[in-house]
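As a plain string of letters, each chain reads:
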Amino acid sequence: MSSVISELSVLVTDDSLTQRQYAKALCQDLGVNSLFDAANGMDALDVLAANAIDVVLIDLEMPIMDGVELIRSIAQKKIKTSVIILSAKDPILIASVGTMAEADGLHVVGTFQKPLLPDALECSLLRFIQDTRVTAEPKKSADIEVTALELSQALANNELTLAFQPKLTVQGLLLRGVEALARWRHPTKGLVSPALFIELAERHGMIDALTHYLLEEAFNYKRTWQQYGLRFHLAFNLSPLSLADSDMVDWLCKLTEQYGIAPAEITFEVTENALLGELASAIRTLARLRLKGFHIAIDDYGTGFANAQQLSRVPATELKIDRSLVHRASTRPQQRTILASTVDLAKNLNLTTVAEGVETEEDFKILCELGVDLVQGYYFSKPLFADDLLVWVKTGLSQMRRQHEKK
Ligand code: C2E
Ligand code: CA
Ligand code: CA
């Protein structure tokens, strides 16, 4: 966690030397490496002009230029920074300065009466990270083109990585697991979507290499989370081609053993359409995976043509209902009917139901009414890189629960 905080640059503005040293020591204890200080608003503006500062701690009472004037100048000069407001004065005054700063367009991450406490500072810095983090959503831009040669070089150069999207229980919004989603950090084209390179890998005989590489990366993260005491499940997407690979199951078992991971905490997601081709060999692989204790999810359900009978033959444990049935179901009666009957079907087949692509509160409400088990979507969290996921688990998740408890 502190590794994320360590990358921040913080400016402490206070006329009292003791207070400045105290605030700087708190920042240092939290791991902030890049620290600046100023004794009044004028000096603070000089520091801000010369350095990129993420967060400024502002004491309201200072000579030469006080905190309120400093806040106004930061807003007028459109300086890109966030603020934490501090004062020994009464909390109502501090809060009203905070409201004023927000009205001026500033990003306020905390308002506190002195003395500043370590927990309050840590929460504010984490909030800054959470509010400004870059999500791991790649551009789905049609004008990005990547070639098989570039992809094989990317594999060799470790440019492929994973983002993780939380899967939450509808009851209580508990973190049940995360789905690993492939990302390619292309050196010149930015973050490339799996929609652009998974199929390429399948067509050019690279999917096994890609799957092996990403699974080891995923297991590495899972092992690290376990070391932190976090035991949520991990879901991983398998290409239909992997289901035809007879060595896959043995390799997977060896890998879980090597990483000290329980198969019962791993779910493999396979798309509905993967089951329409070589059904016999797919079922053989899936059945073996189940016997070894892994979970199996049928992904993107509702986009393909699998019927209830085909579905009942697959040794799955989970049904992931596609976003096309989930999102906006509240305003489309027909879609809602199909969604409801899909949930019923899954329940009759004893499958855990997961709704994908939950984007709004209205989407979520319907899923609660229909008794869906798990939810996943932008409404809760976009896919996040591992560091940001930990921040979200520590702060964003409980914030969201509190919001929902009030409703
Ligand atoms: P998927 O398995 O259905 O994954 C969910 C996709 O929906 C992800 O796109 C995710 O970013 C996106 N998504 C999540 N919540 C929302 C939402 O609320 N609204 C909208 N509009 N979208 C949402 P992504 O990451 O671009 O992945 C696309 C597909 O690529 C995945 O679809 C999966 O089929 C495939 N894929 C991703 N990673 C891997 C992998 O490691 N191996 C294989 N074989 N396929 C992968
Ligand atoms: Ca999936
Ligand atoms: Ca899906």
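Criteria and thresholds
Residues numbered from 1 in each chain as written. Chains lettered and ligands numbered in written order. Predicted model: local features only at pLDDT ≥ 70, side-chain atom pairs only at ≥ 80, totals over all residues. Heavy atoms only, no water. Helix = DSSP H or I, 4+ residues; strand = E, 2+ residues; numbered from the N terminus. Buried < 20%, exposed > 50% of the residue type's maximum accessible area, 1.4 Å probe, protein only. Contact = heavy atoms within 4.5 Å. Areas by Shrake-Rupley, 256 points an atom, 1.4 Å probe, with all protein chains shown as cover. Lys, Arg positive; Asp, Glu negative; His and termini not counted. Charge placed at Lys NZ, Arg CZ, Asp CG, Glu CD. Near = heavy atom within 4 Å. Polar contact = N/O pair within 3.5 Å; in protein donor to acceptor, adjacent residues only side chain to side chain. 1 Å grid on protein atoms, 1.4 Å probe; cavity = no way out; pocket = protein on both sides within 12 Å on 5 of 7 lines; lining within 4 Å. Sits in = over half its atoms within 2 Å of the grid points. Nonpolar A, V, L, I, M, F, W, Y, C, P; charged D, E, K, R; others polar. Donors = N, O, S within 2.8 Å, 3.2 Å for Na, K, Ca; no water. Expected span 1.5 Å × (residues − 1). Pairing = 2+ DSSP bridges. Right-handed = clockwise from strand over helix to strand, strands pointing away.

### Some remarks on the overall build of the protein chain
Here is step 1 of the chain: On a plain count of helices and strands, the protein chain comes out with 17 helices and 14 strands.
Here is step 2 of the chain: With the C-alpha coordinates of the protein chain rotated into their principal frame, the extents come out at 80 × 50 × 40 Å.
Here is step 3 of the chain: For the protein chain, the proportion of its 407 residues judged to be buried stands at 51%.
Here is step 4 of the chain: In the protein chain, of all internal contacts separated by at least 6 residues, the share reaching a separation of at least 24 is 71%.
Here is step 5 of the chain: Put simply, the protein chain shows about 18,800 Å² of open surface, and 51% of that area lies on carbon and sulfur atoms.
Here is step 6 of the chain: Both charge centroids of the protein chain, one from 40 positive and one from 52 negative side chains, sit 3 Å from each other.

### Observations regarding the site of ligand 1
Here is step 1 of the chain: Taken together, 24 residues surround ligand 1, and among them Ala-182, Arg-183, Arg-323, Glu-359 and Tyr-378 come closest.
Here is step 2 of the chain: Between ligand 1 and the protein, one listed contact pairs a nitrogen atom with a side-chain N or O atom of Gln-165 at 3.0 Å.
Here is step 3 of the chain: Side-chain polar atom of Arg-183 to an oxygen atom of ligand 1: 2.8 Å apart, as the coordinates give it.
Here is step 4 of the chain: Protein chains shield 85% of the accessible area of ligand 1, which is 810 Å² for the free molecule.
Here is step 5 of the chain: Applying the majority rule of atoms within 2 Å of the grid points places ligand 1 in the largest pocket.
Here is step 6 of the chain: Here the shell around ligand 1 takes four residues from strand β7 (residues 175-186), the largest share from any one element.
Here is step 7 of the chain: Looking at the shell around ligand 1, its residues break down into nine nonpolar, six polar and nine charged.

### Focus on the coordination of the calcium ion (ligand 3)
Here is step 1 of the chain: Binding of the calcium ion (ligand 3) to the protein goes through Asp-299 (OD), Asp-300 (OD), Glu-356 (OE) and Glu-356 (OE), at separations of 2.2 to 2.4 Å.
Here is step 2 of the chain: Each donor residue of the calcium ion (ligand 3) belongs to the same chain, with the gaps between them written as D-D-x55-E.
Here is step 3 of the chain: In this structure, the calcium ion (ligand 3) lies 4.0 Å from the calcium ion (ligand 2), and both are coordinated by Asp-299. With Asp-300 in strand β11 (residues 295-301) and Glu-356 in the loop between β13 (352-355) and α16 (361-370), this residue pair connects regions lying 56 residues apart in the sequence.
Here is step 4 of the chain: Using a relative accessible area of 25% as the deciding quantity, one classes Asp-300 as partly exposed.
Here is step 5 of the chain: For Glu-356, a relative accessible area of 12% corresponds to the buried category.

### Thoughts on helix α17 (residues 386-406)
Here is step 1 of the chain: The end-to-end C-alpha distance of α17 is 29 Å, a good match for the 30 Å that 21 residues give at a rise of 1.5 Å each.
Here is step 2 of the chain: Along α17, the residues classified as buried are Ala-386, Asp-388, Leu-389, Leu-390, Val-391, Trp-392, Val-393, Thr-395, Gly-396, Leu-397, Met-400 and His-404.

### A closer look at the pairing of strand β3 (residues 55-59)
Taken residue by residue, a regular strand's side chains alternate between the two faces of the sheet.
Here is step 1 of the chain: Among the five residues in β3, five count as buried, and that is most of the element.
Here is step 2 of the chain: The alternating pattern of β3 places Val-55, Leu-57 and Asp-59 and Val-56 and Ile-58 on opposite faces, both of which are buried.
Here is step 3 of the chain: Relative to β3, strand β1 (residues 9-13) is paired through four bridges, and the arrangement is parallel. The residue of β3 that forms the bridge with Leu-11 is Val-56.
Here is step 4 of the chain: The sheet contact formed by β3 and strand β4 (residues 82-87) spans five bridges and is parallel. Within the sheet, the bridge partner assigned to Val-56 lies in β4 and is Val-83.
Here is step 5 of the chain: Running through helix α4 (residues 67-76), the crossover from β3 to the neighbouring parallel element β4 is right-handed.

None of the figures reported here should be taken as evidence of function without further support.
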